[in-house]
Amino acid sequence: MASGIEGPGGRAGFLKGFFVAAALVIIIFCLLPVRYTANDDFALVKLLSERSGFTPDPHNPSLNFSLGWILCFLYGYGPDLPWYGLFVCAACYLGWSLMLSVLFRSTQGLSLLLSLPFLGMVSFHIFSFISFTTASLILESGVLLCLMEWVVRDRCPAKNPRLYGWALAFAFLISYFFRWRLVLVALVFGGPVLLFVKKQQMAKAIPFVMAVGLVIVGDRAIFHLTTSDQHRAFMEYNDLRAQFHDTARGDYYGDSTPKALRKVGWSPEDYAFYKQWVLYDNRKFNERTLHTFLDENDPKKKRSLFALKWNGLKEHFRHGKRYLLALLFSVVSIGFYRVGGLSELARRNRLKIVLALAYIGAGIVSVVSIRSVFRVFVPLYAYFFGACFLFFHPTKRESAQGRSKSVGRNVSVTCAVVFSVLAWGQAYAQGKMDFRILKRSKMEKEYIQKRLAVVKNRSAVPEPLLILMNPTSGLGAKYVHPLKEFSDFTDLRIFPAGWGVHSPRFSSILRDMGLADGRAFLTWMIDNPKALLVLFARNGMDTLRSKSMWESYFSRRIAPNKRARLVPVYDFRNATGAGLILFYMRSEN
């Protein structure tokens, strides 16, 4: 073999990955209360469907416009079907099947058993906490791993290489349509493929690369031709908003933030309200003021890039340390088990493997130091593990059997088992915590839905409008099962929140209500019985903090000549102060 790296599985195991992934999906969906992992997913469902009570719109800051248009059409054709959830689940299934197929073609028995802790963790997370971000990344990772296997072993795992190449290109385009900007991440993480690819392989790949590139360029061209200036302005604003809410540029720094606030004319109260929520006065918070604030408050001006990234990595370790430790223990376990085969590789091949894994590892470190959320780093960890699994199986079965009786071999197998047991410990602890989260999510979803049903039946006001006060709960939207969607959620109208604010759809809703802008909407809420502000409080302090912030902001900024008070209309709190509350904003002279 020219590359010096050969897998034992040949073409066997290609369909095995799809069958095993299907079995995992069936088991998890039957036994666990599967849910969306973030409010963004169900916000997209409400954006694309008329069932939300507002006009659907395929434009959004994350999902590709072409896929948004297709989903809008499908929801119009079959409004009761969970089209978005079906698409996301199918993409997760396809991506994980591709990754498992590579692992099955690489396995030599015990090594697969040593991998079960980490593979089990990732499977549990991907299919229990559904997200279009996870779907896009896991599908891109599956395609990249299949490509890497193809070039490293210099043979196609399918009988028809041309058909296999087109299938991978199609799968990559599906991931692009879910989150088109993540294609840049895929291109970066596909870099190690270039270390192993040969000239003849490169020549054969040109038609597939050109086809994918033409589709992406054509899609972007259609988007720009069919998108209004208003939509483009919203995309620009939302990019700035995301930097404010999701990165260190929007955090409070005692040395720079007060100066930035003075420059844009915000008070500390304005900053606190916008930081906690994005329902806002657009005359004060807009593209110009946000851009100025972010530029003045940029922590890179005061702090080194290394310090910022180090803080991000510490935050990542705090939230995802079990996944990280399980990944490291599993990689070390497989490394010990395959150490003999790796030592027999030519120095050039060992160097390529080290460079490839170091490149992927450095890429993951860069990503998680900026944005450390489970739906991002879990698929990237799976890609790194898949690459390790692929590279750590370089020799033929006969060579492995020849070393099986040596003392060194027994030591390496023992070490491999020990580290696999350590990985099992991390997987068990994380699985136990995730199961509690799912169970609690199901209870909270049922609680919220029962209370909202009471509101719907008792409301004396026709078509009340629910306005969220707490950005972390989203009224339990993230608890929705991806294959149930509206049957798992209320039919009450919920005003667009989060990244939906300031969008063209947001503006069209305001026009339908006879309002000019976001500031007019905040004024309309005062003394209006149709406007119900909803808070899902975890405790009494949560209620007090949110209530005080909203009352203070409205009294000082929206109705300065009046005193604004939040009066409970529906109060479902328990003795500890936790529960659902729906307020009415009343003004007093």
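Up top is the structure these notes are about.
Report follows, based on the coordinates. (Residues numbered from 1 in each chain as written. Predicted model: local features only at pLDDT ≥ 70, side-chain atom pairs only at ≥ 80, totals over all residues. Heavy atoms only, no water.)

Okay, the layout of surface pockets next. The calculated volume of the second largest pocket comes to roughly 1,200 Å³. As for the second largest pocket, its lining consists of 38 residues, of which Leu147, Val193, Ala205, Phe208 and Val209 are closest to the centre. Only helix H6 (132-153), helix H7 (161-178), helix H8 (183-189), helix H9 (193-196) and helix H10 (199-226) provide two or more residues apiece to the lining of the second largest pocket. The biggest single contributor to the lining of the second largest pocket is H10, with 13 residues. When its residues are assigned to classes, the lining of the second largest pocket shows 27 nonpolar, five polar and six charged. (1 Å grid on protein atoms, 1.4 Å probe; cavity = no way out; pocket = protein on both sides within 12 Å on 5 of 7 lines; lining within 4 Å. Points joined across faces, edges and corners; volume = space filled by probe spheres on them. Helix = DSSP H or I, 4+ residues; strand = E, 2+ residues; numbered from the N terminus. Nonpolar A, V, L, I, M, F, W, Y, C, P; charged D, E, K, R; others polar.)

For strand E5 (residues 531-537), the buried fraction is high: seven of the seven residues fall into the buried class. Burial along E5 is two-sided: the face carrying Ala531, Leu533, Leu535 and Ala537 and the face carrying Leu532, Val534 and Phe536 are both buried. Across five bridges, the pairing between E5 and strand E7 (residues 579-588) is antiparallel. Each bridged residue has a counterpart across the sheet, and for Phe536 the counterpart in E7 is Leu580. (Buried < 20%, exposed > 50% of the residue type's maximum accessible area, 1.4 Å probe, protein only. Pairing = 2+ DSSP bridges.)

Spatial ordering of the open sheet is given by E4-E3-E5-E7-E6, a layout of five strands whose pairing is mixed. Edge strands, defined here as strands with exactly one partner in the open sheet, are strand E4 (493-494) and strand E6 (563-571). Summarising the sheet, E6 and E7 pair through eight bridges and their orientation is antiparallel. Bridge assignment links Ala564 to a residue of E7, and that residue is Ser587. The strands that helix H22 (residues 518-525) touches are strand E3 (465-468), E5 and E7; relative to E3, the one it contacts most, it runs at about 110°. Strand contacts of helix H23 (residues 540-558): E3, E5, E6 and E7, with the helix running at about 140° to E6, the strand carrying the most contacts. (Contact = heavy atoms within 4.5 Å. Axes fitted to C-alpha atoms, helices over the stretch in contact; angles between N-to-C directions.)

The next subject is the packing of helix H5 (residues 110-128) against helix H18 (residues 374-391). Their axes nearest at 10 Å, the elements H5 and H18 cross at an angle of 160°. As far as their axial angle goes, H18 and H5 are roughly antiparallel. In this structure, the crossing between H5 and H18 has a hand that is left-handed. Contacts between H5 and H18 involve Ser111, Leu112, Ser115, Phe118, Leu119, Val122 and His125 from the former and Phe374, Arg375, Val378, Tyr381, Ala382, Phe385 and Phe389 from the latter. Here the contact of H5 with H18 is composed, by residue class, of ten nonpolar, three polar and one charged. (Parallel < 35°, antiparallel > 145°, perpendicular 65-115°, else oblique. Left-handed = near helix turned anticlockwise from the far one by under 90°.)

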